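What the coordinates show
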Protein chains: 2
Amino acid sequence: MKSAVEPLKARRIYLLLRDRIVAGELPPGRRLPGEPVLAAEHAVSRVTVRRALDLLEKEGLVQRKAGSGTFVHDTRTVRPIVADLSNVLSHLIDMGRSTDVKLLSFGYGVPPESIAESLGLKPGERVQRSVRVRLIDGEPFSYLTTHVPEWIGLTYSEAELAARPLLELIERSGVTTERATQAINATLAGPEPAAALDLEIGSPLLTLTRIVYEPSGRGVEHLHALYRPDRYSFHMDLVRTGSDGERRWSPALGWPRGIDKSKADKNKTEKNKQGEKPTRSPRVTKQRS
Amino acid sequence: MKSAVEPLKARRIYLLLRDRIVAGELPPGRRLPGEPVLAAEHAVSRVTVRRALDLLEKEGLVQRKAGSGTFVHDTRTVRPIVADLSNVLSHLIDMGRSTDVKLLSFGYGVPPESIAESLGLKPGERVQRSVRVRLIDGEPFSYLTTHVPEWIGLTYSEAELAARPLLELIERSGVTTERATQAINATLAGPEPAAALDLEIGSPLLTLTRIVYEPSGRGVEHLHALYRPDRYSFHMDLVRTGSDGERRWSPALGWPRGIDKSKADKNKTEKNKQGEKPTRSPRVTKQRS
DNA sequence: CAAAGCTGTATTATCCATCATACAGGTTCC
DNA sequence: GGAACCTGTATGATGGATAATACAGCTTTG
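Just so you know, these numbers come straight off a predicted model, no measurement behind them.

1. Here's the deal with the overall build of chain A
Secondary structure summary: chain A contains 10 helices and 11 strands in total. Burial status across chain A gives 48% buried among its 289 residues. Taking as baseline every contact in chain A between residues at least 6 positions apart, the subset at least 24 positions apart corresponds to 56%. Of the accessible surface of chain A, which amounts to about 14,100 Å², a share of 52% is contributed by carbon and sulfur atoms.

This is the structure:
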């Protein structure tokens, strides 16, 4: 029979420790149990424990000091970018950080059936396919694969795609975009995304699949996005709506400053809990839409 | 030099093939290249290729026929549950499927600092912590860790928690919930979640962290949820809003019918469940005939 | 300073995933 | 039927991950 492919022991221990760290069970600054102790606890050799700690260190979750110990790193310094549901990078703009785009692949052809179906294409209809990587401060954080019907794709050049948001190019071509559906999920990094995102194969990735429709109902863009979870995540504010019978959460439409708030608030609710009016975040929009 | 912990080759090839399948490059029904061909392509032995195919088969992505070949399975029969952003299982209700809850852990204590901070607790303030697993049709799909201030948690019993939604219990206690923030991300399964969700360690998971606030701004619930991506995903409809200068996507509040339709075709295959009981697969390491 | 920790590093032995190969049995097609 | 595929299964050889052990150098503590 097959012996199921089991993760390496080092990886096992890495995941275990990582969980305890991100769960807060091991708070920032705390010293981890010594390597011999960990080795005994998990019934592995010290070499294996060190491999696990190597991984944690490479991810910036712990910091090792020779002769002293291994300490949980203050992760607050390494925060992921925050995006709202519209995929707008919230405080990216405020902070004036720059994003670059690298175009990995560009071409035309007949798409796989699943894409054709979701775009509502006629059999054999051609699309433009592109693969892009987006970087922030030189570090890659997203891997985008897009499919656009050929008749739209032909209205802009390869260089334009690398320079401007795709949706802007689509709208410039005269198409009106009105409706979209998107799904968020998780997956593991295959070889190409892993290489492009500077990750190891098998790393976790956040996925977003979005299909944009024009009013007639035809699809005009199919986006498959992969995000590094340590550099990107989706945030949103919810408000309780509906009358008593059918209560549920709805996305807050007031504007995002939500995440920053949830963080700024914590200090506030503690110290001065008089209802200070939430300061309208100064919309310093760098105009990047 | 440290030889970095590299994923097993079998896993590598598994991920590669999986990507090509879900991307639609290998459409349902298509025969995969033969095992010897795959082995040559990836410069590995046939045994390793088989291990990769074993994984794909176990996930239902391919179907093997002795003497004939390995075929891409029609994945449309194995679709994840769909939830909107409010975390409401959309057509789950329509279809009359049942969800059960298993309570894995229940107790009171002082939470880790990161939780206390996000709930806005006073130092040393106690919380109720619970870990639950949610199942659909007997299969686990989510692993929920919740922290609730003690004064709220004491208003209901352990049994009630296992039977009713937590938020309902909180509101029953007299607390009004008004606002919440949530973040969606991805991670790898550690030992406990993996066991509870019937997954291998290192499987990808979708995460949702939600903090619910009462009007005064105090946190009343901290939820950390892990979802199996093959059984759960977030979907939403977006509409293009805003005037010309500042166009963006907003969540559509009207009801999703787009996604439901794509799934409405329930070609129930007979391959659903064999009589085998999934309780505990005896880890057969070696077997000689 | 000295003792007791700790991390960093090296060595050798063992175990397991992978390799290379061979063969059995089913399916497809001529 | 029979050739040419395919998957299923078994074998021994090999290499990399892990184990067990030892020691060096640093930090903290008394």
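That shown, we press on.
2. Quick notes on the nonpolar core
Counting residues in hydrophobic clusters, the biggest one holds 60 residues, and the most contacted among them are Leu56 and Tyr143 of chain A together with Leu56 and Tyr143 of chain B. Once residues within four sequence positions are removed from consideration, Leu56 of chain B is found in contact with Tyr14, Leu17, Arg18, Leu61 and Val62 of chain B.

3. Quick look at the packing of aromatic side chains
Counted under the stated rule, the structure contains 10 aromatic pairs over all chains. For the ring pair Tyr227 of chain B and Phe234 of chain B, a centre distance of 5.7 Å and an interplane angle of 90° mean the geometry is edge-to-face. In this structure an aromatic cluster arises from ring pairing among Phe141, Tyr227, Tyr232 and Phe234 of chain A. We note Arg240 of chain A situated over the ring of Trp249 of chain A; from NZ or CZ to the ring centre the distance is 4.9 Å.

4. Observations concerning the protein's contact with DNA strand D
Neighbouring DNA strand D are 26 residues, the closest being Ser45 and Thr48 of chain A together with Arg46, Arg50 and Gly67 of chain B. The share of sugar and phosphate among atoms of DNA strand D within 4 Å of the protein is 69%. Backbone polar atom of Lys9 of chain A to a phosphate oxygen of DNA strand D: 3.1 Å apart, as the coordinates give it. Between DNA strand D and the protein, one listed contact pairs a phosphate oxygen with a side-chain N or O atom of Arg51 of chain A at 3.2 Å. When residues in the surface near DNA strand D are grouped by element, the largest group, 4 residues, is from helix 3 (residues 46–58) of chain A.

5. Description of the confidence of the model for chain A
Of the residues in chain A, 76% reach a pLDDT of 70 or more, and the chain-wide mean stands at 79. The model gives residues 255–289 of chain A a pLDDT under 50, and that stretch makes 42 contacts with residues more than four places away or in other chains.

6. Side note on the protein's contact with DNA strand C
Neighbouring DNA strand C are 26 residues; Arg46, Arg50 and Gly67 of chain A together with Ser45 and Thr48 of chain B lie closest to it. In DNA strand C, atoms within 4 Å of the protein come 63% from sugar and phosphate. With respect to DNA strand C, the side chain of Thr70 of chain A contributes an N or O atom lying 3.3 Å from a phosphate oxygen. Gly67 of chain B places a polar main-chain atom, nitrogen or oxygen, 2.9 Å from a base nitrogen of DNA strand C.

7. Let's talk about the pattern of salt bridges
For the structure on display, the rule yields 28 salt bridges over all chains. Asp230 of chain B serves as the salt-bridge partner of Arg228 of chain B, at 2.7 Å between the closest nitrogen and oxygen. Overlapping salt bridges, with partners in common, bring together Glu35, Arg46, Arg50, Asp54, Glu57 and Arg64 of chain A in one network.

8. Quick look at helix 1 (residues 9–22) of chain A
For helix 1 of chain A, built from 14 residues, the straight-helix expectation of 20 Å at 1.5 Å per residue is met to within 8% by its first-to-last C-alpha distance of 20 Å. Judged by how many residues are buried, helix 1 of chain A sits mostly within the fold: 10 of 14 residues are covered. All of the buried residues in helix 1 of chain A are Ala10, Arg11, Ile13, Tyr14, Leu15, Leu16, Leu17, Arg18, Asp19 and Ile21 of chain A. Those residues of helix 1 of chain A hidden inside the fold are in contact with helix 2 (35–41), helix 3, strand 1 (62–65) and strand 2 (69–72) of chain A together with strand 7 (179–188) and helix 9 (191–196) of chain B. At the exit of helix 1 of chain A stands Gly24 of chain A, carrying a positive phi of roughly 90°.

9. Some details on unusual backbone geometry
Residue and element names in this part refer to chain B. Not every positive phi belongs to a glycine, and Ala43 is a case in point at roughly 55°. Here Ala43 shows up in the loop between helix 2 (35–41) and helix 3 (46–58). The phi dihedral of Asp198 is positive, around 60°, even though this residue is not glycine. Within the secondary structure layout, Asp198 lies in the loop between helix 9 and strand 8 (204–213). Residue class for Asp198 comes out partly exposed when judged on its relative accessible area of 46%.

10. Quick notes on the side chain of Ser250 of chain A
Residues and elements named next belong to chain A. You can see Ser250 is positioned in strand 11 (residues 248–251). Ser250 sits in the buried class, given a relative accessible area of 13%. With residues up to four places along the chain from it excluded, the contact list for Ser250 reads Asp237, Leu238, Val239 and Thr241.

11. A word on the packing of helix 1 of chain A against helix 3 of chain A
Residues and elements named next belong to chain A. Between helix 1 and helix 3, whose axes approach to 8 Å, the crossing angle comes to 55°. Relative to helix 3, the element helix 1 is oriented oblique. Like other packed secondary-structure pairs, helix 1 and helix 3 cross with a definite hand, here right-handed. Listed contacts from helix 3 to Lys9, Ala10, Ile13, Tyr14, Leu17 and Arg18 of helix 1 are Thr48, Arg51, Ala52, Leu53, Leu55 and Leu56.

How each quantity is defined
Residues numbered from 1 in each chain as written. Chains lettered and ligands numbered in written order. Predicted model: local features only at pLDDT ≥ 70, side-chain atom pairs only at ≥ 80, totals over all residues. Heavy atoms only, no water. Helix = DSSP H or I, 4+ residues; strand = E, 2+ residues; numbered from the N terminus. Buried < 20%, exposed > 50% of the residue type's maximum accessible area, 1.4 Å probe, protein only. Contact = heavy atoms within 4.5 Å. Areas by Shrake-Rupley, 256 points an atom, 1.4 Å probe, with all protein chains shown as cover. Core = buried A, V, L, I, M, F, W, Y, C linked by side-chain atoms within 4.5 Å. Phe/Tyr/Trp six-rings, centres within 6.5 Å; stacked < 30°, edge-to-face > 60°. Lys NZ or Arg CZ within 6 Å of the ring centre and 35° of its normal. Near = heavy atom within 4 Å. Polar contact = N/O pair within 3.5 Å; in protein donor to acceptor, adjacent residues only side chain to side chain. pLDDT = per-residue confidence, 0-100. Salt bridge = Lys/Arg side-chain N within 4 Å of Asp/Glu carboxyl O. Expected span 1.5 Å × (residues − 1). Axes fitted to C-alpha atoms, helices over the stretch in contact; angles between N-to-C directions. Parallel < 35°, antiparallel > 145°, perpendicular 65-115°, else oblique. Left-handed = near helix turned anticlockwise from the far one by under 90°.

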